[in-house]
Number of protein chains: 2
Amino acid sequence: MLINKNLSTPLYIQLYNNIKDMIEKKEIKEGEKLPSIRNLAKKLEVNNITIVNAYKLLEQEGYIYSVKGSGTYVRSPNYNLNVSYMEDENMELMTGGILPISKDSINLATVSPTPEMFPIAQFKQSLIEVLDRDKGSAFLYPEITGYEPFKESICNFLSKNYNINVPKDQILVISGGQQGIDIITKALISPGDTVLVENPTYSGAIAAFQSRGAKIIGIPMKKDGMDLEILNRYIQRYSPKFIYMMTNYQSPTTYSYSEDKKRELINLSKKYNIYIIEDDFLTDLNYDENIKLPLKSIDHTDNVIYIKSFSKIFMPGIRMGFMTVPEKLFKDIIKAKHTTDVSSSGFLQRAFDLFLRKGYWKKHIDTVKKVYKNKYNTMIQELDKLKKYDISFVKPNGGLSIWVKLPENIDCVELYNECKENNVAIVPGKIFFINDSIYSNYIRLSFGAVSNEEIVEGIRIIEKNIKKLYKSEDNKYLPFV
Amino acid sequence: MLINKNLSTPLYIQLYNNIKDMIEKKEIKEGEKLPSIRNLAKKLEVNNITIVNAYKLLEQEGYIYSVKGSGTYVRSPNYNLNVSYMEDENMELMTGGILPISKDSINLATVSPTPEMFPIAQFKQSLIEVLDRDKGSAFLYPEITGYEPFKESICNFLSKNYNINVPKDQILVISGGQQGIDIITKALISPGDTVLVENPTYSGAIAAFQSRGAKIIGIPMKKDGMDLEILNRYIQRYSPKFIYMMTNYQSPTTYSYSEDKKRELINLSKKYNIYIIEDDFLTDLNYDENIKLPLKSIDHTDNVIYIKSFSKIFMPGIRMGFMTVPEKLFKDIIKAKHTTDVSSSGFLQRAFDLFLRKGYWKKHIDTVKKVYKNKYNTMIQELDKLKKYDISFVKPNGGLSIWVKLPENIDCVELYNECKENNVAIVPGKIFFINDSIYSNYIRLSFGAVSNEEIVEGIRIIEKNIKKLYKSEDNKYLPFV
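As the structure is a computational prediction, the values presented were derived from the model and not from experiment.

### Details of the overall build of chain A
No. 1: Of the regular secondary structure elements, chain A holds 15 helices and 16 strands.
No. 2: Radius of gyration (C-alpha) of chain A: 24 Å, near the 23 Å computed for a compact globule of 481 residues.
No. 3: When the backbone C-alpha atoms are referred to their principal axes, chain A occupies close to 80 × 55 × 40 Å.
No. 4: Counting only residues that meet the buried cut, chain A has 62% of its 481 residues in that class.
No. 5: Of the accessible surface of chain A, which amounts to about 18,600 Å², a share of 47% is contributed by carbon and sulfur atoms.
No. 6: Charge separation in chain A, taken as the distance between the mean sites of 64 positive and 58 negative side-chain charges, equals 2 Å.

Next comes the structure, spelled out in structure tokens:
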């Protein structure tokens, strides 16, 4: 009996729960085909939409997957994570364009800044000043947690700019944001533990969680943040070790959390005593007057672990960032940091410290914000012209990317391949989804590493290929001919 | 029936095997006390020495542990790893003295060099040259595997100085030796996998292996390298994922592998198709004409993964090193590097590359070798005077430490504490052993960070405390009164 119409639980939830149980108990096996929507609806005497909703939920959680024109099949929760994308020739995607994309390409794939944006003169000055001031000491092992004056500068900066107030001894300097994720995973995750993530999310985080054998479950992203109803349910169901999220200009969706949702997240974290990993690399880049703050700024629970990367706004080659460490996790996290790389370069910490103290950092953010805002406006303007093709997007008013929804019949990987042929690099949205099969019509376009002219030209080429892919389906979806 | 006198297998091996079986099958439980040596010998009608040898083997493998004056008890293989030492106030030990040891102390604990040894002038010149030459590009994300010209310089250096010939694309730049260990562990170890290590060994490696849930088994160190007979047996018995070792001036024993043992290791690695992790940070520091080469120099199997740290001879604060990656592991290891920290600082790689190309590195090694050789001779001279107290040590003619065996009744942790009171930092040997309870009378004394005067003064204080600890046992072991 898959459903009971006398219960108050919605039918699709009952159906979802019962099928899930059967999969978990292996009564339905991996690879087995589920009944078609129509057949099952008929059999159970319910509306098609009930089956659709149940299957959708199952798919979101990775229990099943659907193959176009063939049907719906069972898989194990971690079976087909998007990480598979990273293993071969598409590795460049996972890195957000770190791996060399052909030099002639218009690179709308990377969120990394370009060298002419780097504050080389000031940083060189800081480096030389450190060498002259500290001499050999600059190259000693720093404290595992980081160079003390640097941690102090970080605290001052956090307090002044993000309204985050944490004591110096809760700061851990790390070699970039990815290391923060890796260290937390080491400290908290044993094989089989569950982690909740926004869906879609950053694939580098998924790879780190998966490397420790975590079960990864996605929470759908809405325009004002995660679906908290589903989050609440999943916390109770899965007792996750932590929730991984990006508060402002989330990657790849570019969505930011509303104040309400932020407060509610903190409440949930307190209620269930669950850690939240807040990965922040774009908060500073707002292009309107609406200054956004990190979740950490309203955290009174000490459950939010705030990770800050300097790669995206400062310079990626510096490999530097920091995180806040809850008091009760301090020992475990420091141990994990030590087994990972002992400590981050003391020399670069000292130089960055001077850079912060001289106020160069704040000035640098103001400079890049102006440049990026200009490119952002160009990209929005060009994308607006594409709306006639049924594409849509939210205007984030910040960050480095636009998350573009394509017409349903255009597959993002096909578009990616076509654009690549034409020397335009974009990121197919699929690689960000925990369960990639249901979301095949998103792409991420970034504007940080290209000129206004390249944005115009790149989007013109994307338009050409959207048209072409429409045509390949016998014009039947072509709304504009 | 614990033994059968009609079999050709030595009795102590039979006894060892049978007790081990009983422990593994939980017929004898964790914490249970084993019969005393005398009682068991009587019961089995064998010599005491048979029981002693069997218990010794069991203890070496971590199946049992003995408590002085109480008896011998069962434990599970990973129960009491020395890692427990690292978790509290003794954390400074695990770091080889990275954490601040009181400034007035004579630091015979650290193997890190001191700032006045660092080639700051030349490195500053390299840094500035890179900034002027590459400008912003110096701070781009480098390739995950490392900055290409740097990898080229590394290959040249390896070929010229260590007779190691690997192609450039098998080099991976890492953020220090510890990261190399961490990455390999990530790529190769799943919970429950076995790793063989020299016993004693580097505790930072143990921590990394343990963090992935590895079962760690120690192979006793002899003066010319691991006991290969035991190694051979354990490879067959445990099918380990890899062997972790230090070929020259092993830490902490200072022993170096003989040419015969090196060849035999390569043969074993080939025969059983097993990886060897060679952790090298001291090969360059020979103080006699006997130039030692890494194991990798005779590796024709591509099974040896060679990790080189620059921390100990160059500057620890730079956090830089490299490893060679076997072709068949390339994809897995690159993926692990990416989830760990994406890539190592491109800026520092470029500077270090210049430093190598200008020949500064080789010159620097020659300089420090002279300085260290002088300190080495002082320490040997002073320690020779202590031989009247039943202490002994091997003269390594290289490296940065002496591994000192104390009289059996002196506990290294007690001596450590006494010396600490007198402002002398030493490392109690216990922290390096997989099963610490049987080896309590070793200390490691390092001379890299102290002056000749401090060496003399430090050893005078150690002598005073050895005398004191002797006395505390009612003079009964005091050979010199």
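Let us keep going from here.
### Remarks on the relation of the copies chain A and chain B
No. 1: Least-squares fitting of chain A to chain B yields an RMSD of 0.1 Å, with the transformation described by 0.0 Å of translation along the axis and a rotation of 180°. Overall, the copies show the geometry of a two-fold rotation axis.
No. 2: Here 100% of the interface residues in chain A have copies in chain B that are interface residues too; the copies meet face to matching face.

### A look at the interface of chain A and chain B
No. 1: At the interface, 57 residues of chain A touch 57 residues of chain B.
No. 2: Between chain A and chain B lies a buried interface of about 5,000 Å² when both sides are counted; carbon and sulfur atoms form 68% of it.
No. 3: Joining chain A to chain B, the criterion identifies four salt bridges.
No. 4: Put simply, lysine 186 of chain B and aspartate 182 of chain A hold a salt bridge, and the shortest N to O gap is 2.6 Å.
No. 5: Applying the counting rule to chain A against chain B returns 18 residue pairs in polar contact (both at pLDDT 80 or more).

### Some remarks on the sheet that holds strand 12 (residues 392-393) of chain B
All names here are of chain B.
No. 1: Reading across from one edge, 12-13-16-15 is the order of the four strands in this open sheet, with antiparallel pairing throughout. Each of the sheet's edge strands pairs with one partner strand only, and the pair in question is strand 12 and strand 15 (427-428).
No. 2: In terms of strand pairing, strand 12 meets strand 13 (residues 401-405) through two bridges, oriented antiparallel. The partner of serine 392 across the bridge, within strand 13, is lysine 405.
No. 3: In the packing of helix 13 (residues 360-384) onto the sheet, contacts are made with strand 12, strand 13 and strand 16 (442-446), and the angle to strand 13 comes to roughly 15°.

### Things to note about the packing of helix 1 (residues 11-24) of chain B against helix 9 (residues 228-238) of chain B
The packing of two helices is summarised by the inter-axis angle and the distance between the axes.
All names here are of chain B.
No. 1: Remark: helix 1 packs on helix 9, axes separated minimally by 16 Å, with the N-to-C direction vectors making an angle of 30°. Judged by the angle between their axes, helix 1 and helix 9 are roughly parallel. Crossing handedness for the pair helix 1 and helix 9: right-handed. Every residue of helix 9 that contacts helix 1 at Tyr16, Asn17 and Lys20 is listed here: Tyr234, Arg237 and Tyr238.

### Side note on the packing of helix 2 (residues 37-44) of chain A against helix 3 (residues 48-60) of chain A
All names here are of chain A.
No. 1: Two numbers describe how helix 2 lies on helix 3: the axes approach to 8 Å, and their chain directions differ by 120°. As far as their axial angle goes, helix 3 and helix 2 are oblique. In the packing of helix 2 onto helix 3, the handedness of the crossing is right-handed. Along the contact surface, helix 2 presents Ile37, Arg38, Leu40, Ala41 and Leu44, while helix 3 presents Asn48, Ile51, Val52 and Tyr55.

### Here we look at the pattern of salt bridges
No. 1: One pass over the full model with this rule turns up 49 salt bridges over all chains.
No. 2: One salt bridge in this structure joins arginine 357 of chain B and aspartate 353 of chain B, with 2.8 Å as the shortest N-O distance. In this pair, arginine 357 of chain B and aspartate 353 of chain B both sit in helix 12 (residues 346-357), four residues apart, roughly one turn of the helix.
No. 3: Looking at aspartate 353 of chain B, the relative accessible area reads 2%, which means it is buried.
No. 4: A salt bridge links lysine 468 of chain B to glutamate 418 of chain B, with the shortest nitrogen-to-oxygen separation between them at 2.7 Å. One end of the pair, lysine 468 of chain B, is in helix 15 (residues 452-472); the other, glutamate 418 of chain B, is in helix 14 (residues 412-421), with 50 residues separating them in the sequence.
No. 5: In this structure, a network of salt bridges that share partners links the residues Asp182 and Lys186 of chain A together with Asp182 and Lys186 of chain B.

### A short note on the packing of aromatic side chains
No. 1: Inspection of every chain in the model, using the stated rule, returns 54 aromatic pairs over all chains.
No. 2: Their ring planes at 80° and their centres at 5.5 Å tell us that phenylalanine 123 of chain B and phenylalanine 314 of chain B sit as a pair that is edge-to-face. Note that phenylalanine 123 of chain B is positioned in helix 5 (residues 120-134) and phenylalanine 314 of chain B in the loop between strand 10 (304-309) and strand 11 (321-324), a separation of 191 residues in sequence. Each member of the pair, phenylalanine 123 of chain B together with phenylalanine 314 of chain B, is buried.
No. 3: Taking NZ or CZ as reference, lysine 312 of chain A lies 5.7 Å from the ring centre of phenylalanine 281 of chain A, over its face.
No. 4: The positively charged end of lysine 387 of chain A is found above the aromatic ring belonging to phenylalanine 393 of chain A, 4.9 Å away from the centroid.

### Brief notes about a nonpolar patch on the surface
Residues and elements named next belong to chain A.
No. 1: Nonpolar side chains collect at one region of the surface, where Ile37, Ile49 and Val52 lie side by side and expose about 210 Å² of accessible area between them.
No. 2: With respect to the helices and strands, the residue valine 52 is situated in helix 3.
No. 3: The exposure class assigned to valine 52 is partly exposed, which follows from its relative accessible area of 31%.

### Structural notes on the environment of glutamine 179 of chain A
No. 1: Mapping glutamine 179 of chain A onto the fold places it in helix 7 (residues 177-188).
No. 2: Along the chain, glutamine 179 of chain A and threonine 340 of chain A lie 161 residues apart, while their C-alpha atoms are 8.5 Å from each other.
No. 3: Sequence-distant contacts of glutamine 179 of chain A, that is, excluding residues within four places in its chain, are made with Ile174, Lys337, Thr340, Asp341 and Ser344 of chain A together with Thr340 and Asp341 of chain B.

### As for the sheet that holds strand 16 (residues 442-446) of chain A
All names here are of chain A.
No. 1: Taken together, the four strands give an open sheet; going across it, the order is 12-13-16-15, and neighbouring strands pair in antiparallel fashion. Lying at the two open borders of the sheet, with one neighbouring strand each, are strand 12 (392-393) and strand 15 (427-428).
No. 2: Most of the contacts of helix 13 (residues 360-384) go to strand 13 (residues 401-405), to which it runs at about 15°, and overall it touches strand 12, strand 13 and strand 16.

### A closer look at helix 7 of chain A
All names here are of chain A.
No. 1: Counted at 1.5 Å a residue, the expected span for helix 7 with its 12 residues is 16 Å, and the 17 Å between its end C-alpha atoms agrees.
No. 2: Of all 12 residues that make up helix 7, 11 are buried, and the element is covered over most of its length.
No. 3: Along helix 7, the positions that sit buried rather than exposed are Gly177, Gln178, Gln179, Gly180, Ile181, Asp182, Ile183, Ile184, Thr185, Lys186 and Leu188.

### Re unusual backbone geometry
All names here are of chain A.
No. 1: The omega torsion across asparagine 199 and proline 200 is 10°, close enough to zero to call that bond cis.
No. 2: The residue after serine 251, namely proline 252, is reached through a cis peptide bond having omega 10°.
No. 3: Here proline 252 is to be found in the loop between strand 8 (242-245) and helix 10 (259-271).
No. 4: One non-glycine residue, asparagine 163, lies in the positive phi region at around 60°.

### Remarks on the confidence of the model for chain A
No. 1: Model confidence for chain A is summarised by a mean pLDDT of 87, while 90% of its residues fall at 70 or above.
No. 2: Within the model, the stretch residues 77-100 of chain A combines pLDDT values under 50 with 68 contacts to residues more than four positions away or in other chains.

### Structural notes on the pairing of strand 16 of chain B
Residues and elements named next belong to chain B.
No. 1: The buried fraction of strand 16 amounts to five of the five residues, a majority that puts the element mostly inside the structure.
No. 2: On strand 16, burial covers both faces: Tyr442, Arg444 and Ser446 on one face and Ile443 and Leu445 on the other are all buried.
No. 3: When strand 13 meets strand 16, the two strands line up antiparallel, connected through five bridges. For isoleucine 402, the partnering residue across the bridge sits in strand 16 and is leucine 445.
No. 4: When strand 15 meets strand 16, the two strands line up antiparallel, connected through two bridges.

### Considerations on the environment of serine 190 of chain A
Residues and elements named next belong to chain A.
No. 1: Tracing the chain through its elements places serine 190 in the loop between helix 7 and strand 5 (194-199).
No. 2: The exposure class of serine 190 is partly exposed, given its relative accessible area of 39%.
No. 3: Apart from the residues within four sequence positions on either side, serine 190 is in contact with Arg212 and Gly213.

### A word on the side chain of lysine 375 of chain A
No. 1: Mapped onto the elements of the fold, lysine 375 of chain A is located in helix 13.
No. 2: At 5.4 Å, glutamate 116 of chain A is the nearest oppositely charged side chain to lysine 375 of chain A, a buried residue that forms no salt bridge.

### A closer look at the side chain of serine 309 of chain A
Residue and element names in this part refer to chain A.
No. 1: Mapped onto the elements of the fold, serine 309 is located in strand 10 (residues 304-309).
No. 2: Of note is the side chain of serine 309, whose polar atom sits 3.0 Å from the backbone nitrogen of serine 311.
No. 3: Those residues within four positions of serine 309 in sequence are excluded, and the remaining contacts are Gly177, Asp280, Phe281, Met320 and Gly321.

### What about the state of the cysteines?
Working definition: the covalent bond between the sulfur atoms of two cysteines is a disulfide.
No. 1: In this structure the tally under the stated criterion is zero disulfides over all chains.
No. 2: Free cysteine: cysteine 419 of chain A, not disulfide-bonded; nearest cysteine sulfur from cysteine 412 of chain A at 11 Å.

Conventions we followed
- Residues numbered from 1 in each chain as written.
- Chains lettered and ligands numbered in written order.
- Predicted model: local features only at pLDDT ≥ 70, side-chain atom pairs only at ≥ 80, totals over all residues.
- Heavy atoms only, no water.
- Helix = DSSP H or I, 4+ residues; strand = E, 2+ residues; numbered from the N terminus.
- Rg over C-alpha atoms; globule rule 2.2 N^0.38 Å.
- Buried < 20%, exposed > 50% of the residue type's maximum accessible area, 1.4 Å probe, protein only.
- Areas by Shrake-Rupley, 256 points an atom, 1.4 Å probe, with all protein chains shown as cover.
- Lys, Arg positive; Asp, Glu negative; His and termini not counted.
- Charge placed at Lys NZ, Arg CZ, Asp CG, Glu CD.
- Least-squares fit on C-alpha atoms with pLDDT ≥ 70 in both.
- Contact = heavy atoms within 4.5 Å.
- Buried area = accessible area lost by both parts, 1.4 Å probe.
- Salt bridge = Lys/Arg side-chain N within 4 Å of Asp/Glu carboxyl O.
- Polar contact = N/O pair within 3.5 Å; in protein donor to acceptor, adjacent residues only side chain to side chain.
- Pairing = 2+ DSSP bridges.
- Axes fitted to C-alpha atoms, helices over the stretch in contact; angles between N-to-C directions.
- Parallel < 35°, antiparallel > 145°, perpendicular 65-115°, else oblique.
- Left-handed = near helix turned anticlockwise from the far one by under 90°.
- Phe/Tyr/Trp six-rings, centres within 6.5 Å; stacked < 30°, edge-to-face > 60°.
- Lys NZ or Arg CZ within 6 Å of the ring centre and 35° of its normal.
- Patch = residues over 30% accessible without salt bridge, like charges linked within 9 Å, V, L, I, M, F, W, Y side chains within 5 Å.
- Expected span 1.5 Å × (residues − 1).
- pLDDT = per-residue confidence, 0-100.
- Disulfide = S-S within 2.5 Å.

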